[in-house]
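# Overview (structure and organization)
Take a look at the letters that make up each chain.
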Amino acid sequence: MANNERVYITTTLPYVNADPHVGFAMEIIRADVLARYYRSSGKEAFFNTGTDEHGAKIHEAATKEGIDAQAYTDRYAARFRDLKGLLGLSVDNFVRTTDAHHVMSAQEFWKRCAASGDIYKKLYRVKYCVGCELEKTDSELVNGRCSIHPNREIEIREEENYFFKFSNYTKPLLELYATHPDLVIPSFRFNETKAFVARGLEDFSISRLRRKMPWGVTVPGDDEHVMYVWFDALVNYISAIGWPDDMDRFEKWWPVIQYCGKDNNRQQSAMWQAMLMSAKLPPSKHIVINGFIMSGGQKMSKSLGNVINPFDVVASFKDVTPFPEDVLRFVLLHDISSFEDGDLTLESIKASYASNLQNGIGNLVSRIMKMATTHLDGPVELHELDHHNAIDDAFNVFDIKRALECVMGAASELDAYIQETAPFKVIKVNVEDGEVLIVEMVERLYRIAILLEPFLPRTAKEIQRLIHENKMPETPLFGRLP
RNA sequence: AGCGGGAUAGAGGAGCGGUACCUCGUCAGGCUCAUAACCUGAAGGCCCUGGUUCGAUUCCAGGUCCCGCAACCA
């Protein structure tokens, strides 16, 4: 690892044709926890996110609403920008793929790939249903015919597209994977990538005809074409840190640790890495891949009505805690596997809240601070804290769930320790011994509050404040659900 | 079809060649500092059949059953 003092972390850029998905909320919260953890370990961190705004789906959605594509994306980009406040994120940069700098960067990137001889034009055959006036993919056809217009012949139309010579990169990618054994995390995702590349790669189309789909970045030197949305969007990881015009900034931060969902494995681990090679840029440092969140054992879908909306979850805890965003952060970080698929329902969220936050952390703070405020004259004097090795180990392998479990384990041990040593009993017979115990409880609680900070930032800060001021929480940190 | 993942107490999850662990639930006890919270203990389990091995829940083979990738969707 080349750069040990600085860390550049990014999420993928969500596509702005729908409201933020809870799966993306999980991705961005995990990236946030990582950024906060690195900062707490004395590193400098740069945390990027943003929105992916080009492409046919946006164009169609905007057209359907009868508004300009830019106006459409402005509205949705704001929705995603709001996540920062809603989820308590320490985001440093929000890139929109419609930003002028990003557009320029994507065009320069294209030129570099072209200069490497990896971009060429070729005739592209598309299947077209005149009835629908739409292109059809093979999977949409039934017996070679449009399912809506089975009486019409599917026409084969030819159009010129630019292609990226992905096929040139089969061997270089396999070499990259062999020399960077922790490029893709977890390893079973890396295996999928390797297997996919080893089967041999096919060139992919990276442009669309402007007259059919105008909403994209203009291909350098060819006004008739715009870039396929993937090609332009992936460049955000470097445009966000100043590439190509501010190379000092770029070199300060690159390479990146990127988070993505499992549906993005190929794009990030294979396509993007090949594109970087083509542009003669170093590969990503790590690509950390999340699983999906199911609900009640099934994929979330509107028709099943089991969609967990991050905005709703936060709103539903507003009346019981001053830190509703930390509730969502907690369940996403604690109740879902760091790498496998997980499951979340409204019931499971409530159960986890009651057991871990209300009866766990919240109650622990109350019982300790009650003893402290009753029996101590003033705030406990606090000293520097050493590192928690088990947590560092978990973070080193990006196992955020395990890291949080270490903190929760410490809280649970402290509950048991209070029971064992019974300071509330000791203080009645020996004031001095009782005070020593209570001070110890406060110190241990403080340590937990420090460790908790990357995960539940506002809750952790509040516990620290209570300790510094030797105060009871005015209202329960995590109150009882109605 | 192909590719991939999985089957562990009532439920949901971890684990792993050698006393099988956690959370919730159930039952019994304890404590009173705390948000009827907290602590201790108990009952209960590795899909099936072979193989490798001193020893398999773990590795291998076969079987059964689930799930994902092809449908806007992270």
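Computed from a predicted model, the values in this text were never measured in an experiment.

A separate point is the domain arrangement of chain A. What the domain assignment reports for chain A is domain 1 (3–295) and domain 2 (348–469). Inter-centroid distance (C-alpha atoms) of domain 1 to domain 2 is 42 Å. Contact residues are listed per partner, giving 13 residues for domain 1 and 10 residues for domain 2. Across the domain 1/domain 2 interface, buried area totals approximately 1,000 Å², and carbon plus sulfur atoms make up 76% of it.

A separate point is the sheet that holds strand E13 (residues 222–227). On the basis of which strands lie adjacent, the open sheet formed by three strands has the order E11-E13-E12 and antiparallel pairing. Both edges of this open sheet fall to strand E11 (207–209) and strand E12 (218–219), since each of them pairs with a single strand only. Alignment of E12 against E13, held across two bridges, turns out to be antiparallel. Residue pairing for E13: Thr-218 is matched across the bridge by Val-226.

What follows is about helix H19 (residues 457–469). Residue pairs three or four apart in sequence face the same way in an α-helix, which turns once every 3.6 residues. Relative to the 18 Å expected for 13 residues at 1.5 Å per residue, H19 spans 18 Å between its end C-alpha atoms, a close match to the ideal helical length. Inspection of H19 places Pro-457, Thr-459, Ala-460, Glu-462, Ile-463, Gln-464, Leu-466 and Ile-467 among the buried residues, and these make up the whole buried set. In this structure, the buried side of H19 is in contact with helix H1 (22–40), helix H13 (324–334), helix H14 (346–375) and helix H18 (431–452). Directly beyond the C-terminal end of H19, a positive phi value near 50 degrees is found at Asn-470.

In this section: a negative patch on the surface. On the surface, Asp-245, Asp-246, Asp-248 and Glu-251 cluster together into a negatively charged patch. Relative to the helices and strands, Asp-248 resides in helix H10 (residues 247–253). Overall, the relative accessible area of 66% leaves Asp-248 in the exposed class.

Turning next to the pairing of strand E1 (residues 6–10). For a regular strand, side-chain orientation follows a simple rule: the groups alternate between the two sheet faces. In terms of burial, E1 is a largely internal element, four of the five residues being buried. Of the strand pairs in this sheet, E1 and strand E2 (residues 44–51) are connected by five bridges, and their pairing is parallel. Bridge pairing links Val-7 to Ala-45 in E2. Following the chain from E1 across H1 to the adjacent parallel E2, one finds a crossover that is right-handed.

Further remarks concern the side chain of His-102. Within the secondary structure, His-102 is located in helix H5 (residues 100–115). Owing to a relative accessible area of 1%, His-102 belongs among the buried residues under this scheme. Here Ser-239 takes part through its side chain, which lies 2.9 Å from a polar atom of the side chain of His-102. Each residue touching His-102, except ones within four places of it in the same chain, is listed here: Val-95, Arg-96, Thr-97, Asp-232, Ala-233, Val-235, Asn-236 and Ser-239.

Right, let's talk about the packing of H14 against H18 for a bit. Contact geometry for H14 and H18: axes closest at 10 Å, N-to-C directions at 140 degrees. Seen along the crossing, H14 lies across H18 with a hand that is left-handed. On the side of H14, the interface is formed by Ile-361, Leu-364, Val-365, Ile-368, Met-369, Met-371, Ala-372 and His-375, while H18 contributes Glu-435, Ile-438, Met-441, Val-442, Leu-445, Ile-448 and Leu-452. Of the residues that constitute the contact of H14 with H18, the class distribution is 13 nonpolar, one polar and one charged.

Its location among the elements puts Tyr-15 in the loop between E1 and H1. In this structure Tyr-15 touches Asp-52, His-54, Gly-55, Ala-56, Lys-57, Ile-58, Phe-80 and Val-229, once residues within four positions along its chain are discounted. Engagement of the side chain of Tyr-15 in a polar contact is seen with the backbone oxygen of His-54, the distance being 2.5 Å.

Across all of its chains, the model carries zero disulfides by this definition. With no disulfide of its own, Cys-260 has Cys-113 as its nearest cysteine by sulfur position, at a separation of 20 Å. The exposure class assigned to Cys-260 is buried, which follows from its relative accessible area of 0%.

All right, on to the packing of aromatic side chains then. Under the counting rule described, the total for this entry stands at 23 aromatic pairs. Here Tyr-37 and Phe-395 contribute two aromatic rings whose centre-to-centre distance is 3.8 Å and whose plane-to-plane angle is 10 degrees, an arrangement assigned as stacked. With Tyr-37 in helix H1 and Phe-395 in helix H15 (residues 389–396), this pair connects stretches of sequence that are 358 residues apart. Each of the two residues, Tyr-37 as well as Phe-395, counts as buried. With a centroid separation of 5.5 Å and an interplanar angle of 45 degrees, the aromatic rings of Phe-164 and Phe-204 are classed as tilted.

Further remarks concern the sheet that holds strand E18 (residues 342–343). Read across the sheet, three strands follow the order E17-E16-E18 without closing on themselves; strand pairing throughout is mixed. Edge positions in the sheet fall to strand E17 (298–299) and E18, since each of these pairs with one other strand and no more. Summarising the sheet, strand E16 (residues 293–295) and E18 pair through two bridges and their orientation is parallel. Its bridge partner being in E18, Met-294 is matched across the sheet by Asp-343.

Position of Glu-405 among the secondary structure elements: in helix H16 (residues 400–421). Linking Glu-405 and Leu-333, residues 72 residues apart in sequence, is a C-alpha distance of 9.4 Å.

A word on the pattern of salt bridges. All told, the structure shown has 23 salt bridges when counted by the stated rule. A salt bridge links Arg-96 to Asp-74; its shortest N-O distance comes to 2.7 Å. Taken together, the positions of Arg-96 in strand E3 (residues 93–96) and Asp-74 in helix H3 (residues 69–81) put the pair 22 residues apart, joining distant regions of the chain. Linking Lys-121 and Glu-160 is a salt bridge whose minimum nitrogen-to-oxygen distance equals 3.6 Å. In this pair, Lys-121 is assigned in strand E4 (residues 119–129) and Glu-160 in strand E8 (residues 155–164), connecting sequence segments 39 residues apart. Look at Lys-121 and you get partly exposed, because its relative accessible area is 38%. On the basis of relative accessible area, Glu-160 is assigned to the partly exposed category, the value being 37%.

Thresholds applied
Residues numbered from 1 in each chain as written. Chains lettered and ligands numbered in written order. Predicted model: local features only at pLDDT ≥ 70, side-chain atom pairs only at ≥ 80, totals over all residues. Heavy atoms only, no water. Domains from an automatic or database assignment. Contact = heavy atoms within 4.5 Å. Buried area = accessible area lost by both parts, 1.4 Å probe. Pairing = 2+ DSSP bridges. Helix = DSSP H or I, 4+ residues; strand = E, 2+ residues; numbered from the N terminus. Expected span 1.5 Å × (residues − 1). Buried < 20%, exposed > 50% of the residue type's maximum accessible area, 1.4 Å probe, protein only. Patch = residues over 30% accessible without salt bridge, like charges linked within 9 Å, V, L, I, M, F, W, Y side chains within 5 Å. Areas by Shrake-Rupley, 256 points an atom, 1.4 Å probe, with all protein chains shown as cover. Salt bridge = Lys/Arg side-chain N within 4 Å of Asp/Glu carboxyl O. Lys, Arg positive; Asp, Glu negative; His and termini not counted. Charge placed at Lys NZ, Arg CZ, Asp CG, Glu CD. Right-handed = clockwise from strand over helix to strand, strands pointing away. Polar contact = N/O pair within 3.5 Å; in protein donor to acceptor, adjacent residues only side chain to side chain. Axes fitted to C-alpha atoms, helices over the stretch in contact; angles between N-to-C directions. Left-handed = near helix turned anticlockwise from the far one by under 90°. Nonpolar A, V, L, I, M, F, W, Y, C, P; charged D, E, K, R; others polar. Disulfide = S-S within 2.5 Å. Phe/Tyr/Trp six-rings, centres within 6.5 Å; stacked < 30°, edge-to-face > 60°.

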